[in-house]
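Architecture and fold: a report
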Amino acid sequence: MKLMTVTGARPNFMKAAPLYWAAEQAGVDLQLIHTGQHYDPGMSQVFFDELDLPKPHRHLEVGSGTHAQVTSRCLERLETVFMEERPDWVLVVGDVNSTVAGALAAVKLGIPTAHIEAGLRSFDRQMPEEINRIVTDAVSDVLFVTEPSGVTNLVNEGRSKEIIHLVGNVMIDTMFRYLHLARARKMQKQLDLPQKYAVLTLHRPSNVDREKDLDELISHLAWAQERLPIVFPIHPRTRAVLNQHNRVGNLEKLPNFYITGPMGYLDFLSLMLDSRVVLTDSGGIQEETTALGIPCITLRDNTERPITCEQGGNKLAGARGTKLADALNPILMGKAPKTDRPELWDGRAAERIIQILLQSRS
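The following refers to the structure shown. If you're wondering where the values come from, they're calculated on a predicted model, not measured in any experiment. Per chain, residues are indexed from 1 in the order of the written sequence. Only residues with pLDDT of 70 or above have their local features reported here, since the model is predicted, and side-chain atom pairs are shown and tallied only from 80 upward, although totals for entire chains, interfaces and linings are computed over all residues. Here the side-chain values reflect all heavy atoms present in the structure, with hydrogen atoms and water set aside.

Quick word on the packing of aromatic side chains
Aromatic rings from Phe, Tyr and Trp, taking only the six-membered ring of Trp, are treated as a pair when their centres fall within 6.5 Å; an angle between ring planes under 30 degrees marks them as stacked, one over 60 as edge-to-face, and anything in between as tilted. Under the criterion given, the structure shown has four aromatic pairs. Residues Phe232 and Phe257 carry aromatic rings whose centres are separated by 6.0 Å and whose planes lie at 75 degrees to one another, so their mutual orientation is edge-to-face. Here Phe257 lies in strand β10 (residues 257-260) and Phe232 lies in strand β9 (residues 230-233), a separation of 25 residues in the sequence. Of the two residues, Phe232 and Phe257, neither departs from the other in class, the shared state being buried. What links up through ring pairs into an aromatic cluster is the set Trp21, Tyr178 and Tyr265. Its end group placed over the ring of Phe268, Arg10 keeps NZ or CZ at 6.0 Å from the ring centre. Helical segments are the DSSP runs of H or I of at least four residues, strand segments are the runs of E of at least two, and each set is numbered from the N terminus. Between buried and exposed lies partly exposed: a residue is buried under 20% and exposed over 50% of the maximum accessible area for its type, with that area taken using a 1.4 Å probe on protein chains only. For a ring to carry a charge above it, either NZ of a lysine or CZ of an arginine must fall within 6 Å of the ring centroid while also lying within 35 degrees of the normal to the ring plane.

Written out as structure tokens, the structure is:
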């Protein structure tokens, strides 16, 4: 059996890695295709170096651009690869433009396609990722799901239960494998941080692209850093937008606000492990904090990962941080919500996926 996994952006690499390890263990040929949607070394190459991933079988170098430009370049170049290689299965992970392009290119060539992390829904079609999720799930032949809400969503959209498999979370597979190495990094000491601190990540356009909304968010972060120091490994896109709006200086002037460059997987995981709370607009970080039992405050109005709120310590604070105080104050008072690791988030999701694909041959 010959498998191909399409990756393109930072979140994809953490999800593709355990698929590669599980395939290798099962004696299955799995080739990694890197579209190059993320091409900054701090957002791409460092993950291949740290996650025991081989050099990509193909690197398509699609680069950046509008959603249409990136998706169309991915679609065109992936189609060429699939026509030349004719894999038995194409595996697409997550919800980025490379994901939907990989699914469309494969299914139009009649190549069986599996979506890993299927069924997640924010029900907010202003999110580009939501459109990618809906389209990818609609065309894929097999759907691998991380949480029960995904099964419900897919059945409600008319997908057959026979092709839906609740297998767990491949991103958590990666996290468990590298916890010991992340702890050894001791980023708190390396950055000379206080003993108690929060970690912040921001990258969504809804949070950083509009000046008025950004200023409101910064005002709430300024309030928060007075109560708990905040460390901000800044995403390249976020830095560019903040520079465009002349807001980096506003953040740097805050006395308890620490800005760093983007971090590799192990460094960021280390930083998160020693934090008191994580403030984020990332989907994957909501899942990682849930599995680790770390309080999470999501700077969004919605989440496509409701299990992180139902079983984890995740609270929604709004895209502009309007409910940040309500979410942060209980944590500061030592009343962080209890967490319960979701079913099948046990580090073996990728093994289940490979076994299901192997059984499909018989």
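Considering the pairing of strand β2 (residues 29-34)
Within β2, five of the six residues are buried, which leaves the element mostly enclosed by the surrounding structure. Summarising the sheet, strand β1 (residues 2-7) and β2 pair through six bridges and their orientation is parallel. The residue bridging Thr7 from the neighbouring strand is His34, located in β2. The handedness rule is simple: strands pointing away from the viewer, and a clockwise path from the first strand over the helix to the second, make the crossover right-handed. The parallel pair β1 and β2 is bridged by helix α1 (residues 10-25), and the resulting crossover is right-handed. Sheet topology places β2 next to strand β3 (residues 58-59); two bridges connect them, and they run parallel. Along β3, the bridge assignment pairs His34 with His59. Whether two strands pair comes down to DSSP finding at least two bridges between them.

A short note on the sheet that holds strand β7 (residues 164-166)
Overall, parallel pairing links the seven strands, which are arranged β3-β2-β1-β4-β5-β6-β7 in an open sheet. At either end of the open sheet lies a strand with only one pairing partner, and these are β3 and β7. Here strand β6 (residues 142-145) runs beside β7; their pairing, made up of three bridges, is parallel. Following the sheet pairing, Leu143 is matched in β7 by Ile164. Where helix α3 (residues 67-85) meets the sheet, its contacts fall on β1, β2, β3 and β4 (89-93), and the angle it forms with β1 comes to roughly 170 degrees. Two residues form a contact once any of their heavy atoms are found within 4.5 Å. Lines fitted to C-alpha atoms define the axes, with helix axes restricted to the stretch in contact, and inter-axis angles between N-to-C directions lie between 0 and 180 degrees.

Quick notes on empty space enclosed by the protein
Here the term cavity refers to a set of points on a 1 Å grid, laid over the protein atoms alone, in which a 1.4 Å probe fits but cannot get out; the term pocket refers to an open set having protein on both sides within 12 Å along at least five of seven lines, with lining residues being those that place an atom within 4 Å of a point. Grid points are joined across faces, edges and corners, and a volume is the space filled by probe spheres set on the points. One pass over the structure, following the stated rule, counts one cavity of 30 Å³ or more. The space that makes up the largest cavity amounts to roughly 50 Å³. Together, Leu200, Leu202, Val208, Leu214, Leu217, Ile218, Leu221, Phe232, Thr238, Leu242 and Leu251 line the largest cavity. Breaking the lining of the largest cavity down by element, the ones donating at least two residues are α10 (211-225) and α11 (236-244). With four residues, α10 is the largest single contributor of residues to the lining of the largest cavity. Put simply, Ala, Val, Leu, Ile, Met, Phe, Trp, Tyr, Cys and Pro go in the nonpolar bin, Asp, Glu, Lys and Arg in the charged bin, and everything else, Gly too, in the polar bin. Its residues placed into classes, the lining of the largest cavity shows 10 nonpolar, one polar and no charged.

Re the nonpolar core
As used here, the term nonpolar core means buried Ala, Val, Leu, Ile, Met, Phe, Trp, Tyr and Cys residues forming a set that is joined through side-chain atoms within 4.5 Å. With 55 residues, the main nonpolar core has Leu19, Leu51, Leu91 and Tyr265 as its most contacted residues. Every residue in contact with Leu51, bar those within four places of it in the chain, is listed here: Phe13, Met14, Ala17, Trp21, Thr174, Tyr178 and Tyr265. Counting residues in each nonpolar core, the second largest holds 29 residues, with Ala222, Leu254, Phe257 and Ile297 among its members.

A look at the layout of surface pockets
Taken as a whole, the second largest pocket encloses approximately 340 Å³ of empty space. As for the second largest pocket, its lining consists of 15 residues, and the residues nearest its centre are Asp124, Gln126, Met127, Ser206 and Arg210. Only α5 (128-139) and α9 (205-208) provide two or more residues apiece to the lining of the second largest pocket. Partitioned by chemical class, the residues of the lining of the second largest pocket number four nonpolar, three polar and eight charged.

Remarks on unusual backbone geometry
Unlike most non-glycine residues, Asp192 shows phi in positive territory, near 55 degrees. Here Asn246, not a glycine, exhibits a phi torsion of approximately 55 degrees, which is positive. Within the secondary structure, Asn246 sits in the loop between α11 and α12 (248-252).

A look at helix α14 (residues 283-292)
Burial analysis of α14 places nine of its 10 residues in the buried class, which makes it a mostly covered element. Taken residue by residue, α14 has Gly283, Gly284, Ile285, Gln286, Glu287, Glu288, Thr289, Thr290 and Ala291 as its buried positions. Definition of a polar contact: a pair of N or O atoms within 3.5 Å, with one able to donate and the other able to accept a hydrogen when the atoms are protein atoms, and with sequence-neighbouring residues admitted only if both atoms are side-chain atoms. Here α14 starts with a cap whose side-chain oxygen sits 3.3 Å from the backbone nitrogen of Gly284, and that cap is Ser282. Following α14 by one or two positions, Gly293 adopts a phi angle in the positive range, close to 75 degrees.

Digging into the pairing of β4
Walk down a regular strand and you will see the side chains alternate between the two sheet faces. The buried fraction of β4 amounts to five of the five residues, a majority that puts the element mostly inside the structure. In β4, alternate side chains face the same way, and those of Trp89, Leu91 and Val93 on one face and Val90 and Val92 on the other are all buried. When β1 meets β4, the two strands line up parallel, connected through four bridges. Pairing of Leu3 across the sheet is with Trp89, part of β4. Pairing of β4 with strand β5 (residues 113-118), which is carried by four bridges, proceeds in the parallel orientation. Paired with Val92 across the two strands is His115, which belongs to β5.

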